[in-house]
Each structure stands twice: as structure tokens, then as C-alpha cells.
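Structural overview
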Amino acid sequence: MSTSNPQKTLSRIAAHRLQKELAEWQVHPPAGFKHKVTDNLQRWTIEVIGAAGTLYENEQYQLQVDFPEHYPMEAPQVIFIQSPPLHPHIYSNGHICLDILYDSWSPAMTVSSICISILSMLSSSTVKARPPDNDRYVRNCRNGRSPKETRWWFHDDKV
């Protein structure tokens, strides 16, 4: 999994929006998430804590959120880093199959709304397992391929 950040610098609009989102996060962080403070506005690391009463209760994971030059007009890249949770929509390389990160992205969405959607996806799972095509997908993603380069097929809204 590549964690390099070859992106262009943020536009003024993107930087302003992210500063606003970060300020809002510091006052009202979404439940179950903690932003790890760094001096890099373009890459956020967010700690995720599994919700009570779910398969992931109290488990801790880390998300890496990389913001493109034209955020929020373009979706950020969001992946799990280190040890991704076992989930039918999360690949072992940390890539997440979730429509709002790709085809259903809207500039009205925020980092908080992304986090809430990811926690909801985790919380609704009834099984801890990798996607059926995990090995093939991960093999095809070698050399740091971004999940945004994948043509996702969103067919399962049950987990």
C-alpha cells in the first residue's frame, strides 16, 4: 500500500474548506473518531473506534484521508492504514468499497460525514471477512494504485 502523497497543493478554496472542517471537528468531533494532529492539512490520519454492540466494538483502526487539489469538488482518497478491519467491503490493502468515496461523492459531504458513513458500514456488518475477490484485487493494486483508479461495482448494500 502506498502512503506517499504525490498530489498537487491544495487550491485556496480547498485549504479554506479544510481549515473550516478541522475547526468544526475540534469543537464537535464525530463520536468514535479522533483526528491525529499534524501540520499537513492535505493528509489527515483519523483514529476509528468500533461502536458498542457491534462486531468491531472498541477495536481501533486508522484511516488516512488524502485531499485532492480541488476538494470538495473532488472526493478525498480514504483508506485504512496498518491493520484494516476484516469486513466484506474493506480490502486487506486498506481500500474501501463505499459509493460515497467514488461515484456518489457530493461536495456537500465532509470528513465527518465520511467517517460516520464508514462507522455505519462497519456497525451494520454481520460477519468479519474479507471481500471474496480480495486476493485478486490486492494483487492488481500493487505499485501503489489508488482506490480512485478502480471501477467499483456497488452491488451489496446489506453490510
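Thresholds applied
- Residues numbered from 1 in each chain as written.
- Predicted model: local features only at pLDDT ≥ 70, side-chain atom pairs only at ≥ 80, totals over all residues.
- Heavy atoms only, no water.
- Helix = DSSP H or I, 4+ residues; strand = E, 2+ residues; numbered from the N terminus.
- Buried < 20%, exposed > 50% of the residue type's maximum accessible area, 1.4 Å probe, protein only.
- Contact = heavy atoms within 4.5 Å.
- Areas by Shrake-Rupley, 256 points an atom, 1.4 Å probe, with all protein chains shown as cover.
- Pairing = 2+ DSSP bridges.
- Core = buried A, V, L, I, M, F, W, Y, C linked by side-chain atoms within 4.5 Å.

This part covers the overall build of the protein. In terms of regular secondary structure, the protein is built from 3 helices and 4 strands. Evaluated residue by residue, the protein yields a buried proportion of 48% over its 159 residues. Sequence separation of at least 24 residues holds for 62% of the intrachain contacts in the protein that already meet a minimum separation of 6. Accessible surface for the protein amounts to roughly 8,800 Å². Of this, 51% is attributable to carbon and sulfur atoms.

What follows is about the pairing of strand 3 (residues 60–66). Each regular strand shows side chains that alternate between the opposite faces of the sheet. The element strand 3 is extensively covered by neighbouring structure, given that 6 of its 7 residues are classed as buried. Looking at chain direction, strand 2 (residues 43–49) and strand 3 are connected through 7 bridges and run antiparallel. Paired with Arg 43 across the strands is Asp 66, a residue of strand 3. Pairing geometry for strand 3 and strand 4 (residues 77–81), over 5 bridges, is antiparallel. In the sheet register, Val 65 faces strand 4, and the bridge partner there is Val 78.

In this chain, Tyr 71 is followed by Pro 72 through a cis amide linkage whose omega measures 5°. On the secondary structure map, Pro 72 appears in the loop between strand 3 and strand 4. Although it is not a glycine, Asn 58 sits at a positive phi angle of roughly 65°. Note that Asn 58 resides in the loop between strand 2 and strand 3. Phi at Gln 82 is positive, roughly 65°, even though this residue is not glycine. Mapping Gln 82 onto the fold places it in the loop between strand 4 and helix 2 (111–123). Of the residues examined, Gln 82 reaches a relative accessible area of 60% and is grouped as exposed.

To continue, consider the nonpolar core. Ranked by internal contacts, the top residues of the largest apolar core, which has 35 residues, are Trp 44, Ile 46, Leu 63, Phe 80 and Ile 96. Elements with a minimum of two residues in this core: helix 1 (12–27), strand 2, strand 3, strand 4 and helix 2. Broken down by element, the residue count for this core peaks at 7 residues, all from helix 2.

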